[in-house]
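Chain residues, written in single-letter form:
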Amino acid sequence: MGLEAVGVCDHDTFSGYEAALPAAQAAGLDLVRGIELSTRMPVIDKPRGRSVHVLGYFLTAPPSAEFQEWLKGIQEGRRDRNRRLAAKLQSLGLKVTLKDAEALGRNLTGRPHFARVLLQKGYVPSLQAAFDMYLDESAKGYVDRDEPTVLEGVRRIRDAGGLPVLAHPVRVLRRKPDALEPFIEQLVNEGLAGIEVWHSEHSPKDVESFLGIAHRLGLGMTGGSDFHGEAKPGVHLGTGVNSNLAIPLEVLDRLRNSHNRG
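Residues numbered from 1 in each chain as written. Predicted model: local features only at pLDDT ≥ 70, side-chain atom pairs only at ≥ 80, totals over all residues. Heavy atoms only, no water.

Let's talk about the overall build of the protein
For clarity, the threshold we go by: Only runs of H or I of at least four residues qualify as helices and only runs of E of at least two qualify as strands under DSSP, and these elements are numbered from the N terminus. With a 1.4 Å probe rolled over the protein chains alone, any residue whose accessible area is under 20% of its type maximum counts as buried; one over 50% counts as exposed, and the rest are partly exposed. Contacts are assigned to residue pairs with any non-hydrogen atoms lying within 4.5 Å of each other. To measure how exposed things are, a 1.4 Å probe is used in the Shrake-Rupley method; for residues, cover is taken only from the protein chains shown. Here the positive residues are Lys and Arg and the negative ones are Asp and Glu; neither His nor the chain ends is included. Think of each charge as sitting on NZ of Lys, CZ of Arg, CG of Asp or CD of Glu.
For the protein, the count of helices and strands is nine helices and six strands. Expressed as lengths along the three principal axes of its C-alpha atoms, the size of the protein is roughly 55 × 50 × 40 Å. Counting across all 262 residues of the protein, residues that qualify as buried make up 46%. Considering only residue pairs separated by 6 or more positions, the protein has 66% of its internal contacts joining residues 24 or more positions apart. Total accessible area computed for the protein in this model is approximately 13600 Å², and 51% of it derives from carbon and sulfur atoms. Mean positive and mean negative side-chain charge positions of the protein (33 and 33 charges, respectively) differ by 5 Å.

Okay, structure coming up:
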């Protein structure tokens, strides 16, 4: 595909990076160890708060035992949610079991795997419909799970030696765009070091806006396709949606050099 570097940022686990590393080394591909954390920011009108994803890059040395133990707690919370999600879907008359989803999820099972089960069993016409009808936060099959606060996620990545980055900011405070930069500035004061400027869901106007925020707040700039395989069939590795991404290697080089100096 012509790619020179790939970042593996799975949710709450490094197992995908570890599995990919031998193949990447054999191919001469620069593989970046990363992670993506699902966190929450407090919101007055939402008891659970709003979902915010935080990326952690350059955790190149084996992460500390403390960080790994913290991740294990998050993973157990995810497994508990999966058990309750299967029960909720069954209560809605859908013959979906935890075993069905885990057969697809392998190392770490999440809602995308339940979506695939719903699609395979003919309950929904598409993966997006599975989320719209059953799995999204406003859908009838949704169940909650405990997640760390966004400030804790940033601090944990920092303490583990990584570079904390706000993922796909277009999803954050979508209905209150004027509040986004003050929110990001608050995170910078707590250790946030970067913002995902280029993303499959970002329009050219979004990119321009996030570049401005990055410059004003002194943030590192990252980018990624947010490729999820079959879970997001319209998103292609490295090129995004309809080839709306072409992130040059110097973006990674600048980010890595800045992190190494810090």
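Observations regarding the nonpolar core
Heads up, the condition is: Residues belong to a common nonpolar core when they are buried Ala, Val, Leu, Ile, Met, Phe, Trp, Tyr or Cys residues joined through side-chain atoms within 4.5 Å.
Counting 32 residues, the largest nonpolar core has Leu71, Val172, Phe183, Ile184 and Ile195 as its most contacted members. Listing elements by their share of this core, those giving two or more residues are strand S2 (30-43), strand S3 (46-57), helix H2 (65-91), helix H6 (150-159), helix H7 (180-189), strand S5 (194-199) and helix H8 (204-217). The dominant element in this core, judged by the number of residues it contributes, is H8, at five residues.

Comments concerning the side chain of histidine 11
Here is the rule: A 3.5 Å cut-off defines polar contacts: any pair of N or O atoms within that distance qualifies, except that in protein one atom must be a possible hydrogen donor and the other a possible acceptor, and neighbouring residues in sequence count only when both atoms are side-chain atoms.
As for its placement among the helices and strands, histidine 11 is situated in the loop between strand S1 (5-8) and helix H1 (15-27). Side-chain polar atoms of histidine 11 contact the side chain of serine 38, separated by 3.3 Å.

Concerning the environment of arginine 111
Looking at where arginine 111 falls in the secondary structure, it is placed in helix H4 (residues 111-120). For arginine 111, a relative accessible area of 25% corresponds to the partly exposed category. The sequence separation of arginine 111 and asparagine 82 amounts to 29 residues, and the corresponding C-alpha distance is 7.9 Å. Each residue touching arginine 111, except ones within four places of it in the same chain, is listed here: Arg81, Leu85, Phe131, Leu135, Asp136, Glu137 and Tyr142.

A few points about H7
The condition that has to hold: As used here, the arc is the angular range of directions from the helix axis to the C-beta atoms.
Every buried residue of H7 is accounted for by Leu180, Phe183, Ile184 and Leu187. Down the axis of H7, the smallest arc covering the buried residues is 95°, so these residues share one side.

A look at the layout of surface pockets
The criterion, for reference: Of the two site types, the cavity is a set of points on a 1 Å grid over the protein atoms alone where a 1.4 Å probe fits but cannot get out, and the pocket is an open set with protein on both sides within 12 Å along at least five of seven lines, each lined by residues with an atom within 4 Å of a point. Grid points are joined across faces, edges and corners, and a volume is the space filled by probe spheres set on the points. Throughout this entry, Asp, Glu, Lys and Arg are counted as charged residues, while Ala, Val, Leu, Ile, Met, Phe, Trp, Tyr, Cys and Pro are counted as nonpolar. The remaining residues, Gly among them, count as polar.
Empty space within the second largest pocket amounts to approximately 290 Å³. Together, 15 residues line the second largest pocket, and Gly220, Arg254, Leu255, Ser258 and His259 are the ones closest to its centre. Residues belonging to the lining of the second largest pocket are distributed by class as follows: six nonpolar, six polar and three charged.

So, helix H9 (residues 249-261)
Going by this rule: Take the residue count of a helix, subtract one, and multiply by 1.5 Å to get its expected span.
Taking 1.5 Å of rise per residue, the 13 residues of H9 would be expected to cover 18 Å, and the 19 Å separating its terminal C-alpha atoms lies within 8% of that figure. Along H9, the residues that are buried comprise Val251, Leu252, Leu255 and His259. One side of H9 carries all its buried residues, which in axial view fall inside an arc of 95°. Turned more than 90 degrees away from the buried face of H9 sit Asn260 and Arg261, all of them exposed.

A look at the pattern of salt bridges
To keep it simple, the criterion reads: Salt bridges are counted wherever a side-chain nitrogen of Lys or Arg sits within 4 Å of a carboxyl oxygen of Asp or Glu.
In total, this model carries 18 salt bridges according to the counting rule given. Between aspartate 12 and arginine 78 there is a salt bridge, with its nearest N and O atoms 2.7 Å apart. Placement of the pair is aspartate 12 in the loop between S1 and H1 and arginine 78 in helix H2, with a sequence separation of 66 residues. We classify aspartate 12 as buried; its relative accessible area is 0%. The class of arginine 78 is buried, set by a relative accessible area of 8%. As a salt-bridge pair, lysine 72 and glutamate 69 come within 3.3 Å of each other at their nearest N and O atoms. Placement of both lysine 72 and glutamate 69 in helix H2 is noted, with a separation of three residues, approximately one turn of the helix. With a relative accessible area of 47%, lysine 72 lands in the partly exposed category.

So, the packing of H2 against H6
For clarity, the cut-off: Fitting a line to C-alpha atoms yields each axis, with helices limited to the stretch in contact; the angle taken between N-to-C directions then spans 0 to 180 degrees.
Packing of H2 against H6 brings their axes to within 10 Å, and their N-to-C directions diverge by 145°. Residue-level contacts link Glu66, Phe67 and Trp70 of H2 to Glu152, Gly153, Arg156 and Ile157 of H6. In terms of residue class, the contact of H2 with H6 is made up of three nonpolar, one polar and three charged.

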